[in-house]
Amino acid sequence: MTTGYLYHELFGWHDTGTNAGLAPSDPAAGLQPFVHFENAETKRRLHELIVVSGLIDKLERIRPVSATEEQILRVHTPEYLERIKTESALPKGGDAGDGLSPFGRGGYEIAALAAGGVITAVEAVLNGTVDNAYALVRPPGHHAVASSGMGFCIFGNLAIAAKHAREALGVGRIAILDWDVHHGNGTQSVFYDDPDVLTVSLHQDNVFPPNSGAALERGEGEGSGYALNVPLPPGTGDQGYLYAMDSVVVPALRRFRPEIILVASGFDASAMDPLSRQMVTSTGYREMTRRLMDVADEVCGGRIAVSHEGGYSPVYVPFCGLAVMETLSGQPAFGDPVLPIVSGFAGHDLQAHQKQVIDEVAGFVADIA
Ligand code: 6DK
Ligand code: ZN
């Protein structure tokens, strides 16, 4: 088993500043400056754990190539691309659209490297250089829509890679699973009317974006039925997530039979995350990856390309990411010293109100042709 791994130091240099990703600091309102939640730490520490654990020696390092303007324009409008390039050339940079998504000078080049990194990882899987791949990119991408960034995202990294696979590499059907705790609204919007790209988002019910990702968002026109949303109640843990994998994700992938599975992998559903209220442990992420690999073996020759999204616990994101990469590469567990604490929390079992939501969405899987 060969697993590709992509990381670049420039991803750590994407500058989100000190407005915390909530609102600009405002002393009169009592809002103190605070480092943006989407800062380099979680991802840099994940990379460092990959190195220190020795897993790096078992992975095939992939070098990112920047996305071209043509590739970015398959998802974004020319006006938006120009605005990002213009703001990126300013001494203090700019914001991708909602005031939560700042970037420093040169942010365009880093965002283009992140999008290009996901393209590079997807190409490596498709051309058989590696069996599967993990792109540890930053900034994240799954909230970005055609004409704007939002929610810490500048370009829709996975959407751009999926479009590239479809339009330049001739791939037919693609499935995108998003297990970031926030709704993958941007990715979904790009393929909402497209029956050849199945999007499945597991997220905490109505966290971000506001009023986005309801179970009844199911695609439109020809794409009707090819968007699935599982809005999990707060407090959902390993067993709830695994039940969603077993009763929605895996059956949907079996019916859809994609040629490759892409994953928007945030670790903000973890029990340690400051921005959400879910309970997932590194064991949960390990098992979700295992189930995904099993169905990928069945339907698409094991082809999986993972793109990093959110996750805001500097302590826990590294162990969750390591668990995913160990599983992808078939390597034994290095160990997670936080696991005894988080798996000791009550509430990991599947609860009735969680099951009810998941079962409702499971009923939609039969509409996939
Ligand atoms: N906003 C992401 O993890 C980004 O999905 C998540 C962005 C969430 C912002 C949520 C939030 C507030 C809260 C209070 C007031 C205003 C805004 F894209 C990823 F990085 F992956 O808490
Ligand atoms: Zn998120």
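Above this text you will find the structure in question.
Right, let's walk through the structure included here. (Residues numbered from 1 in each chain as written. Chains lettered and ligands numbered in written order. Predicted model: local features only at pLDDT ≥ 70, side-chain atom pairs only at ≥ 80, totals over all residues. Heavy atoms only, no water.)

1. Quick notes on the overall build of the protein chain
Line of reasoning, step 1. If you tally the helices and strands in the protein chain, you get eleven helices and ten strands.
Line of reasoning, step 2. Computed over C-alpha atoms, the radius of gyration of the protein chain comes to 19 Å, within 12% of the 21 Å expected from 2.2 N^0.38 for 369 residues, which places it in the range of a compact globule.
Line of reasoning, step 3. Taken along its principal axes, the extent of the C-alpha atoms in the protein chain is 50 × 45 × 45 Å.
Line of reasoning, step 4. Out of the 369 residues in the protein chain, the part that is buried amounts to 61%.
Line of reasoning, step 5. At a minimum sequence separation of 6, the contacts of the protein chain that also span at least 24 residues come to 76%.
Line of reasoning, step 6. Split by element, the accessible area of the protein chain, about 13400 Å² in all, is 54% carbon and sulfur. (Helix = DSSP H or I, 4+ residues; strand = E, 2+ residues; numbered from the N terminus. Rg over C-alpha atoms; globule rule 2.2 N^0.38 Å. Buried < 20%, exposed > 50% of the residue type's maximum accessible area, 1.4 Å probe, protein only. Contact = heavy atoms within 4.5 Å. Areas by Shrake-Rupley, 256 points an atom, 1.4 Å probe, with all protein chains shown as cover.)

2. Describing the sheet that holds strand 8 (residues 227-232)
Line of reasoning, step 1. Judged by pairing direction, the sheet is parallel, and its eight strands sit side by side in the order 2-1-5-10-9-6-7-8 without closing on themselves. The two strands at the open ends of the sheet, each matched to only one other strand, are strand 2 (60-62) and strand 8. Neighbour to neighbour, the strand axes of the sheet diverge by 15° on average, direction disregarded.
Line of reasoning, step 2. Most of the contacts of helix 7 (residues 238-256) go to strand 7 (residues 197-204), to which it runs at about 175°, and overall it touches strand 6 (174-178), strand 7, strand 8 and strand 9 (260-265). (Pairing = 2+ DSSP bridges. Axes fitted to C-alpha atoms, helices over the stretch in contact; angles between N-to-C directions.)

3. Brief notes about the site of ligand 1
Line of reasoning, step 1. Lining the immediate surroundings of ligand 1 are 14 residues, of which His142, His143, Asp268, Gly310 and Tyr312 lie closest.
Line of reasoning, step 2. In the environment of ligand 1, an oxygen atom lies 2.7 Å from a nitrogen or oxygen atom belonging to the side chain of His142.
Line of reasoning, step 3. One nitrogen or oxygen atom from the side chain of His182 is found 3.1 Å from an oxygen atom belonging to ligand 1.
Line of reasoning, step 4. Across the shell around ligand 1, the residue classes break down as six nonpolar, five polar and three charged. (Near = heavy atom within 4 Å. Polar contact = N/O pair within 3.5 Å; in protein donor to acceptor, adjacent residues only side chain to side chain. Nonpolar A, V, L, I, M, F, W, Y, C, P; charged D, E, K, R; others polar.)

4. Observations concerning the coordination of the zinc ion (ligand 2)
Line of reasoning, step 1. All of the protein donors around the zinc ion (ligand 2) are Asp180 (OD), Asp180 (OD), His182 (ND1) and Asp268 (OD); their distances to the metal are 2.0 to 2.6 Å.
Line of reasoning, step 2. Given six donor atoms and angles of 55 to 159° at the metal, the environment of the zinc ion (ligand 2) is assigned as irregular.
Line of reasoning, step 3. Expressed as a motif, the donor residue spacing for the zinc ion (ligand 2) is D-x1-H-x85-D. Note that Asp180 is positioned in the loop between strand 6 and helix 6 (185-190) and Asp268 in the loop between strand 9 and helix 8 (282-300), a separation of 88 residues in sequence.
Line of reasoning, step 4. Here Asp180 falls in the buried class, since its relative accessible area comes to 1%. (Donors = N, O, S within 2.8 Å, 3.2 Å for Na, K, Ca; no water. Tetrahedral: all angles 85-135°; square planar, octahedral: opposite > 155°, others 65-115°.)

5. Points about the packing of helix 7 against helix 8
Line of reasoning, step 1. The N-to-C vectors of helix 7 and helix 8 enclose an angle of 15°; their axes lie 10 Å apart at closest approach. Judged by the angle between their axes, helix 7 and helix 8 are roughly parallel. Two packed elements cross with a definite hand, and for helix 7 against helix 8 that hand is right-handed. Contact with helix 7, carried on its side by Asp238, Tyr241, Leu242, Met245, Asp246, Val249, Val250, Leu253 and Arg254, involves Thr283, Gly284, Glu287, Met288, Arg291, Leu292, Val295, Glu298 and Val299 of helix 8 and no other residues of that element. (Parallel < 35°, antiparallel > 145°, perpendicular 65-115°, else oblique. Left-handed = near helix turned anticlockwise from the far one by under 90°.)

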